[in-house]
Amino acid sequence: MQFRSLVFLGALCACSSSTRGGFDNPSDGGGGFVTKPAEDAATDDCTDAAKLVYVLSENRELYSFAPDKGQFKKIGTLDCSANGQNANSMAIDRAGTAWVNYADGSLFKVSTTDAKCAATPFQKNQHGFVTFGMAFSTNSATSKEETLYIANVAQGAGSQFAKIDLTTFTVVPIGDYSGALAGMGAELTGTGDGRLFGFFTTLPNATFAQIDSATGKTSGDKDLAGVSTGTAWAFSFWGGDFWFYTSSGLPSKVTRLKASGDNSLSTAVADVGGFRIVGAGVSTCAPTTPPR
């Protein structure tokens with residue numbers, strides 16, 4: 001979930017590999033993905049609100065998003081004390097709380113009920129991670145325990161992928177991506193069945209790939225034909241599919257990758273309501289298969 005000008009790549013941004021509910025890269029050379037049948041991870045500890053997607057506008061407005069209905073609902077405006085900086089990325093934990101990274105590198109917890117902010121003891125610029133994509137993923141296909149993973153927004157060398165130890169708020173570098181994606185900036189989304197995926201700022205089209213949460217290595221790279229990250233972009237998983245929020249101006253649109261079906265790309269929402277999305281997040285309570 002990044003917001004970029006033509007001159008400055010700035011911050012206004014939003015997997016462990018598992019065979020259960022994972023993705024296959026078919027041998028037909030088409031670069032598609034096939035979702036294996038999977039039961040949803042246990043969600044008895046989840047509220048209905050924790051099963052929604054949440055997005056942030058460039059005006060610091062927090063919305064919930066129900067992908068199956070294509071509906072956005074405004075919750076409120078963030079009041080985080082971030083020295084006038086813009087929000088960059090967002091992740092949602094299993095309790096339904098938003099974690100928001102700002103352009104100055106600060107990290108806040110935000111209520112998805114009323115958009116109220118709370119500071120965290122996170123220290124900025126650890127291991128060069130200032131603006132970063134972020135997402136929670138469960139630690140295995142059957143676990144309710146989860147980890148907050150982060151991806152460096154700036155393109156560079158070395159560790160582009162890391163996690164935050166939320167007991168100490170320290171950044172723990174993991175590694176870099178594979179092949180052509182090495183050193184690239186990315187946004188992340190995770191699932192309740194232990195997987196993690198990246199939305200990479202490649203040209204001319206963006207790239208989607210699965211990420212091994214233990215190493216950072218990527219697999220199953222897919223060229224997202226016709227999808228560009230533009231100047232504001234974000235990414236989420238929901239219901240077995242992937243949802244890309246992109247804009248080169250007002251408004252943002254939502255593109256759906258139907259990974260639960262034929263792997264087609266289609267416009268899910270042509271106009272989200274006149275605002276521009278700069279961050280998105282979904283908790284590990286979100287359904288991993290299409291709603292019945």
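Up top you'll find the structure we're talking about.
It should be emphasised that the depicted structure is a prediction, and the values quoted were computed from it without experimental measurement.

Each value, and the rule that gives it
Residues numbered from 1 in each chain as written. Predicted model: local features only at pLDDT ≥ 70, side-chain atom pairs only at ≥ 80, totals over all residues. Heavy atoms only, no water. Helix = DSSP H or I, 4+ residues; strand = E, 2+ residues; numbered from the N terminus. Areas by Shrake-Rupley, 256 points an atom, 1.4 Å probe, with all protein chains shown as cover. Salt bridge = Lys/Arg side-chain N within 4 Å of Asp/Glu carboxyl O. Pairing = 2+ DSSP bridges. Disulfide = S-S within 2.5 Å. Buried < 20%, exposed > 50% of the residue type's maximum accessible area, 1.4 Å probe, protein only. Axes fitted to C-alpha atoms, helices over the stretch in contact; angles between N-to-C directions. Contact = heavy atoms within 4.5 Å. Polar contact = N/O pair within 3.5 Å; in protein donor to acceptor, adjacent residues only side chain to side chain.

Bringing the overall build of the protein into the picture now. A tally of helices and strands in the protein yields zero helices and 23 strands. Accessible area for the protein stands at about 11,300 Å²; split by element, carbon and sulfur atoms hold 49% of it.

By the definition in use, this model includes six salt bridges. The salt bridge involving Arg94 is made with Asp45; its shortest N-O contact spans 3.0 Å. On the criterion of sequence distance, the pair formed by Arg94 in the loop between strand 7 (87-92) and strand 8 (97-102) and Asp45 in the loop between strand 3 (34-35) and strand 4 (53-57) is long-range, its members being 49 residues apart.

Before going further, it helps to examine the pairing of strand 14 (residues 170-175). Taken together, the five bridges between strand 13 (residues 161-165) and strand 14 define a ladder with antiparallel strand orientation. Across the sheet, residue Ala162 finds its bridge partner in strand 14, namely Pro173. Linkage of strand 13 to strand 14, two consecutive antiparallel strands, is achieved through a turn of four residues, within which Phe169 is found at a positive phi near 60 degrees.

As enumerated under the stated definition, the model contains two disulfides in all. Here Cys46 pairs with Cys285 through a disulfide, and the sulfurs are 1.9 Å apart. Taking the torsion about the sulfur-sulfur bond, which here is approximately -75 degrees, the covalent link between Cys46 and Cys285 counts as left-handed. Here Cys285 lies in the segment after strand 23 (277-282) and Cys46 lies in the loop between strand 3 and strand 4, a separation of 239 residues in the sequence. With relative accessibility at 13%, the residue Cys46 sits in the buried group. The disulfide that involves Cys80 links it to Cys117, with 2.0 Å between the sulfurs. Every disulfide takes its handedness from the sign of the S-S torsion; for Cys80 and Cys117 that torsion is -75 degrees, giving left-handed. Of this pair, Cys80 sits in the loop between strand 6 (71-77) and strand 7 while Cys117 is found in strand 10 (residues 117-119), placing the two residues 37 residues apart along the sequence.

Time to look at unusual backbone geometry. Each neighbour pair has its own omega, and for Leu203 with Pro204 the value is 0 degrees, a cis peptide bond. In this structure, Pro204 sits in the loop between strand 16 (196-200) and strand 17 (207-211). With a phi angle near 60 degrees, Asn125 is a residue other than glycine that sits in the positive phi range. Tracing the backbone shows Asn125 in the loop between strand 10 and strand 11 (132-138). Asn125 sits in the partly exposed class, given a relative accessible area of 47%. At His127, a position not held by glycine, the phi torsion is positive, near 55 degrees. Here His127 lies in the loop between strand 10 and strand 11.

The strand order across the open sheet formed by four strands is 11-12-13-14, and the pairing between neighbours is antiparallel. Sheet topology places strand 11 and strand 14 at the edges, where each strand pairs with a single neighbour. With strand direction ignored, the average angle separating the axes of adjacent strands in the sheet is 30 degrees. As defined by bridge partners, strand 12 (residues 146-152) adjoins strand 13 across four bridges and the pair is classed as antiparallel. Across the sheet, Ala151 pairs through a bridge with Phe161, a residue of strand 13.

Within the fold, Glu61 resides in strand 5 (residues 61-66). Under the relative-accessibility criterion, Glu61 is labelled buried at 16%. On a C-alpha basis, the gap between Glu61 and Ala115 in space is 8.2 Å, while along the polypeptide they are 54 residues apart. For Glu61, the residues in contact, after removing those within four places along its chain, are Val55, Leu56, Lys74, Gly76 and Thr77. A polar side-chain atom of Glu61 sits 3.4 Å from a polar atom in the side chain of Lys74.

Turning next to the environment of Asn88. If you trace the backbone, Asn88 turns up in strand 7. Taking the C-alpha atoms as reference points, Asn88 and Asp104, separated by 16 residues in sequence, lie 9.1 Å from one another. A distance of 3.2 Å separates a polar atom in the side chain of Asn88 from the backbone oxygen of Phe132.

With antiparallel pairing, the four strands of this open sheet are ordered in space as 7-8-9-10. Single-partner strands in this sheet number two, and they are strand 7 and strand 10. In this sheet, neighbouring strand axes are inclined to one another by 30 degrees on average, regardless of whether the strands run parallel or antiparallel. Looking at chain direction, strand 7 and strand 8 are connected through five bridges and run antiparallel. Bridging across to strand 8, Met90 finds its partner in Val100.

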